[in-house]
Amino acid sequence: MVSRSAAVLGMCLAAVVAFRWSAEMAERRPVHKRVWMVQLSSDEYLPGVLTLDFSMKKVASKYALVVMHPRDALSDATMAALRRRGIATKAITMLRAAKTYTGFDARFNHAWTKLLPHGMTEYDRVVELDADMVALQNADELMEMRLEPATMAATHACVCNPKQLAHYPADFRPENCAYTAQHARPATAHLPEHAVPGRFGLALPNGGLQVIDPDAGTFRRLLAVLANATLVASFSHAEQNALRLVFAGRWVALPWVYNGLYTMREAHQPIWNDSLVKIVHYIIEKPWDDALQEHSHLETYRWWWRLQKERLRFEQNMARVSDEVR
Ligand SMILES: *[C@@H]1O[C@H](CO)[C@@H](O)[C@H](O)[C@H]1NC(C)=O
Ligand SMILES: *[C@@H]1O[C@H](CO)[C@@H](O)[C@H](O)[C@H]1NC(C)=O
């Protein structure tokens, strides 16, 4: 009984602290100057983007999702699919660096462009997301948290290398991973004030979710890194290495719940809690490629498929309604 009431007290305290965190960090900015941003550089990721957009609407985010896409990269059908759903688009020019990844890591060649929002000074706040993410709970506090000048917020990359990829850097080991450090105190691992500081371990932010206050000076520094062939040749993880360099010692670490890598459900089972995930991230393999769909062997893939099916049902119903009105 004693431990039970202690646990309840702990939960109440955590709720109070979490509330204070969001109240203190809250900042008033015009809604239209704050956006979620996702890159869509080929038609194949369209289901990811549509389901991400649907998930943001389902959790009632106050903020719009903007799809940035390279000029002429998307088919007319894809552009029309975005337009029909009222999703804002923004034509961009891809960022290139003095390094081209090949083989398995060719997926990183599009990743440099994820740095582009740092230079989008027409916005006050951009929260950049990957197309292989969905929101399970409202995360609007990321739009409202206060950031010091020349900083950004992100979650730590999980550097456990759970898929044991042979070409990953040798220091990608569980003992260097910020989330391993939290296994001893799982109850607080989801709380912002208990996030492991950005300096910990390999100090590598995951580039899949970036809380950005666009700034011309920071963007120039990022571009200078991308143009430096010596530096870029040493990078194993594209934009994440550039972020680590430019925001060294200054980036603010967020708790794992804002960028819940699906691989962490196993690799960091002690801290993972399904009901706490706000945004889930399908790194490497994609749920839409899983033929088993909502019967997938992976629980986290089933979440994506349930959202996808819900979106399709919702859109069919909307189409039916608009037919009736006409
Ligand atoms: C590239 O970066 C390295 C390491 O920081 C630095 O020594 C070198 O001067 C840079 N090169 C250029 C052209 O800026
Ligand atoms: C997971 O989080 C929920 C919601 O806060 C909580 O009720 C539950 O006890 C947690 N589960 C574990 C195993 O900690």
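- Per an unreviewed UniProt entry, the chain goes by the name Hexosyltransferase and belongs to Marchantia polymorpha.
- The Sequence similarities (unreviewed entry) comment attached to the chain in UniProt states, word for word, "Belongs to the glycosyltransferase 8 family."

Considering the site of ligand 2
- All residues adjacent to ligand 2 are N273, S275 and L276.
- Here N273 contributes a side-chain N or O atom positioned 2.4 Å from an oxygen atom of ligand 2.
- Take S275: an N or O atom from its side chain is 3.1 Å from an oxygen atom of ligand 2.
- The protein chains hide 28% of the 360 Å² of surface that ligand 2 would expose on its own.

Quick notes on the layout of surface pockets
- Volume-wise, the largest pocket comes out at about 760 Å³.
- Around the largest pocket, the lining is made up of 35 residues, and of these R107, F108, K114, D130 and D132 lie nearest the centre.
- Every element with two or more residues in the lining of the largest pocket is listed here: strand 4 (125-129) and helix 7 (239-246).
- For the lining of the largest pocket, a count of residues per class yields 15 nonpolar, 12 polar and eight charged.

Details of the sheet that holds strand 10 (residues 279-281)
- As summarised here, the arrangement of the three strands in space is 5-10-9, forming an open sheet in which the pairing is mixed. Looking at which strands have only one partner, the edges of the open sheet turn out to be strand 5 (133-135) and strand 9 (260-261).
- The pairing of strand 9 with strand 10 spans two bridges and is classified as parallel. Residue L261 lies in a different strand from strand 10, and its bridge partner there is H281.
- Contacts between helix 2 (residues 46-58) and the sheet are confined to strand 5 and strand 10, with strand 5 contributing the most and set at about 15 degrees to the helix.

A word on helix 7
- Of all eight residues that make up helix 7, six are buried, and the element is covered over most of its length.
- Looking at helix 7, one finds that the buried residues are E239, Q240, N241, A242, L243 and V246.
- Where helix 7 is buried, its residues meet strand 7 (209-212) and helix 5 (216-227).

Overview of the environment of P287
- For P287, the position within the fold is in the loop between strand 10 and helix 9 (299-325).
- Assessed through its relative accessible area of 0%, P287 is described here as buried.
- When the C-alpha positions of P287 and W304 are compared, they lie 6.8 Å apart, and in sequence the two are 17 residues distant.
- Excluding residues within four positions of it along the chain, P287 makes contact with Y282, Y301, W304 and W305.

Some thoughts on the nonpolar core
- Membership of the largest hydrophobic core comes to 64 residues, with the highest contact counts inside it found for W36, L82, L129, L142, L209, V211 and W256.
- Considering each element in turn, this core owes the most residues, six residues, to helix 2.
- Discounting chain neighbours no more than four positions away, the residues touching L209 are V127, E128, L129, M133, L142, A153, A154, L254, Y258, N259 and I279.
- Residues M120, V126, A195 and L226 belong to the second largest nonpolar core, which totals 32 residues.

Topic: the packing of aromatic side chains
- Under the criterion given, the structure shown has 10 aromatic pairs.
- Taken together, a centroid distance of 5.4 Å and an interplanar angle of 75 degrees make the contact between Y45 and W288 edge-to-face. Of the two residues, Y45 is situated in the loop between strand 1 (34-39) and helix 2 and W288 in the loop between strand 10 and helix 9; the sequence distance between them amounts to 243 residues.
- Among the residues examined, Y45 registers a relative accessible area of 32% and is labelled partly exposed.
- Its relative accessible area of 16% is what places W288 among the buried residues.
- Ring geometry for Y262 versus Y301: centroids 5.2 Å apart, planes at 50 degrees, classification tilted. In this pair, Y262 sits in the loop between strand 9 and helix 8 (264-267) while Y301 sits in helix 9, placing the two residues 39 residues apart along the sequence.

Some remarks on the environment of H194
- In this structure, H194 sits in the loop between strand 6 (153-155) and strand 7.
- When the C-alpha positions of H194 and P255 are compared, they lie 7.5 Å apart, and in sequence the two are 61 residues distant.
- If we ignore the near neighbours within four places in the chain, the residues touching H194 are Q182, R185 and T188.

Some words on the pairing of strand 3 (residues 88-92)
- Here strand 2 (residues 65-70) pairs with strand 3 via five bridges, running parallel. By the bridge assignment, M68 is partnered in strand 3 with K90.

What counts and what doesn't
Residues numbered from 1 in each chain as written. Chains lettered and ligands numbered in written order. Predicted model: local features only at pLDDT ≥ 70, side-chain atom pairs only at ≥ 80, totals over all residues. Heavy atoms only, no water. UniProt positions renumbered as here; feature names shortened; annotations may be inferred. Near = heavy atom within 4 Å. Polar contact = N/O pair within 3.5 Å; in protein donor to acceptor, adjacent residues only side chain to side chain. Areas by Shrake-Rupley, 256 points an atom, 1.4 Å probe, with all protein chains shown as cover. 1 Å grid on protein atoms, 1.4 Å probe; cavity = no way out; pocket = protein on both sides within 12 Å on 5 of 7 lines; lining within 4 Å. Points joined across faces, edges and corners; volume = space filled by probe spheres on them. Helix = DSSP H or I, 4+ residues; strand = E, 2+ residues; numbered from the N terminus. Nonpolar A, V, L, I, M, F, W, Y, C, P; charged D, E, K, R; others polar. Pairing = 2+ DSSP bridges. Contact = heavy atoms within 4.5 Å. Axes fitted to C-alpha atoms, helices over the stretch in contact; angles between N-to-C directions. Buried < 20%, exposed > 50% of the residue type's maximum accessible area, 1.4 Å probe, protein only. Core = buried A, V, L, I, M, F, W, Y, C linked by side-chain atoms within 4.5 Å. Phe/Tyr/Trp six-rings, centres within 6.5 Å; stacked < 30°, edge-to-face > 60°.

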